[in-house]
Amino acid sequence: MLETATYDCPYCGEEVETTVDLSGGDQVYIEDCQVCCRPIIFDLQVHGDEWMLETRSENE
């Protein structure tokens, strides 16, 4: 199941929209910021119908 999420880039501070795949359950993965192209670590936690996406820079 795909959902749309927004996050603030930990590097440039821009608000960016992304798509997350909830069918895989909890995930940690890296995606480049669509604005500044720096790598962001995404921590997706899925609990039934509820989910939470946290982002951080590589240095955190």
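Residues numbered from 1 in each chain as written. Predicted model: local features only at pLDDT ≥ 70, side-chain atom pairs only at ≥ 80, totals over all residues. Heavy atoms only, no water.

### Regarding the nonpolar core
With 13 residues, the main nonpolar core has Val-20, Tyr-29, Ile-40, Phe-42, Leu-44 and Leu-53 as its most contacted residues. For this core, the secondary-structure elements that each account for two or more residues are strand E1 (2-8), strand E2 (15-21) and strand E4 (39-47). (Core = buried A, V, L, I, M, F, W, Y, C linked by side-chain atoms within 4.5 Å. Buried < 20%, exposed > 50% of the residue type's maximum accessible area, 1.4 Å probe, protein only. Helix = DSSP H or I, 4+ residues; strand = E, 2+ residues; numbered from the N terminus.)

### Some remarks on the sheet that holds strand E5 (residues 50-57)
Hydrogen bonds between backbone atoms are what pair the strands of a sheet, whose relative direction is either parallel or antiparallel. Spatially, the 3 strands line up as an open sheet ordered E3-E4-E5, and their pairing is antiparallel. Each having just a single partner strand, strand E3 (27-32) and E5 make up the two edges of the open sheet. Pairs of neighbouring strands in the sheet enclose a mean axial angle of 25°, with direction left out of account. As paired strands, E3 and E4 are joined by 6 bridges and run antiparallel to one another. Considered in E4, the bridge of Tyr-29 is made with Phe-42. (Pairing = 2+ DSSP bridges. Axes fitted to C-alpha atoms, helices over the stretch in contact; angles between N-to-C directions.)

### Focus: the packing of aromatic side chains
Evaluated as defined, the whole model comprises 2 aromatic pairs. For the ring pair Tyr-7 and Phe-42, a centre distance of 5.1 Å and an interplane angle of 90° mean the geometry is edge-to-face. Taken together, the residues span a long stretch of sequence, with Tyr-7 in strand E1 and Phe-42 in strand E4 at a distance of 35 residues. With respect to burial, Tyr-7 and Phe-42 carry one shared label: buried. Look at Tyr-29 and Phe-42: their rings are 5.2 Å apart centre to centre, the planes differ by 5°, and that puts the pair in the stacked class. You can see Tyr-29 sitting in strand E3 and its partner Phe-42 sitting in strand E4, a full 13 residues away along the chain. The class for Phe-42 is buried, based on a relative accessible area of 0%. Taken together, Tyr-7, Tyr-29 and Phe-42 form an aromatic cluster joined through their ring pairs. (Phe/Tyr/Trp six-rings, centres within 6.5 Å; stacked < 30°, edge-to-face > 60°.)

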